[in-house]
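# Descriptive structure summary
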Amino acid sequence: MAEFKYEITKELGVISENAKGWRKELNLVSWNDREPKYDIREWSPDHERMGKGVSLTEEEIEALAELIASRDEEDSFEE
């Protein structure tokens, strides 16, 4: 598997944390010295290990925010 580099350029917030201390976070991450992207994934407490996640451009994060803001109460899991 090819080696890759990453740098968390800004920690934006924690979405959740599991019993083992891994946290699902929203961060700005630079992958292989490229322009940072918004990134949602689980990280170990020391940020040395990570789970699968998704990286989004500025335009994609704005579209996601609009989708979340415009969702109906019917779209909720809660009853």
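Here the structure is a predicted model, which means the values were calculated and not measured. (Residues numbered from 1 in each chain as written. Predicted model: local features only at pLDDT ≥ 70, side-chain atom pairs only at ≥ 80, totals over all residues. Heavy atoms only, no water.)

### Focus on the environment of Lys10
Applied cut-off: Only DSSP runs of H or I reaching four residues or more are called helices, and only runs of E reaching two or more are called strands; each is numbered from the N terminus.
Examined against the element boundaries, Lys10 turns out to sit in strand 1 (residues 6-17). Along the backbone, Lys10 and Tyr38 are 28 residues apart, and their C-alpha atoms lie at a distance of 9.4 Å.

### Some words on the packing of aromatic side chains
For any pair of aromatic rings, the description rests on two quantities: the centre-to-centre distance and the angle between the ring planes. Formally: Aromatic rings from Phe, Tyr and Trp, with only the six-membered ring used for Trp, were paired whenever their centres fell within 6.5 Å, and each pair was classed as stacked if the ring planes differed by under 30 degrees, edge-to-face if by over 60, and tilted otherwise. Exposure is judged per residue with a 1.4 Å probe applied to protein chains only, and the accessible area is read against the type maximum: over 50% gives exposed, under 20% gives buried, and values in between give partly exposed.
Scanning all chains against the criterion turns up four aromatic pairs. Judged by centre distance (5.9 Å) and plane angle (45°), the ring pair of Phe4 and Trp31 falls under tilted. Here Phe4 is found in the segment before strand 1, whereas its partner Trp31 is found in strand 2 (residues 23-31), with 27 residues between them in sequence. Assessed through its relative accessible area of 40%, Phe4 is described here as partly exposed. Using a relative accessible area of 17% as the deciding quantity, one classes Trp31 as buried. Linked through ring pairs, Phe4, Tyr6, Trp31 and Trp43 together constitute an aromatic cluster.

### A look at the pattern of salt bridges
Spelled out, the test is: Salt bridge, as used here: a side-chain nitrogen of Lys or Arg that lies within 4 Å of a carboxyl oxygen of Asp or Glu.
What the rule picks out here adds up to three salt bridges. Linking Asp33 and Lys5 is a salt bridge whose minimum nitrogen-to-oxygen distance equals 2.8 Å. Of this pair, Asp33 sits in the loop between strand 2 and strand 3 (37-43) while Lys5 sits in the segment before strand 1, and the two are 28 residues apart along the sequence. Overall, Asp33 belongs to the exposed group, its relative accessible area being 62%. The class of Lys5 is partly exposed, set by a relative accessible area of 47%. Between Arg23 and Glu25 there is a salt bridge, with the nearest N and O atoms lying 3.1 Å from each other.

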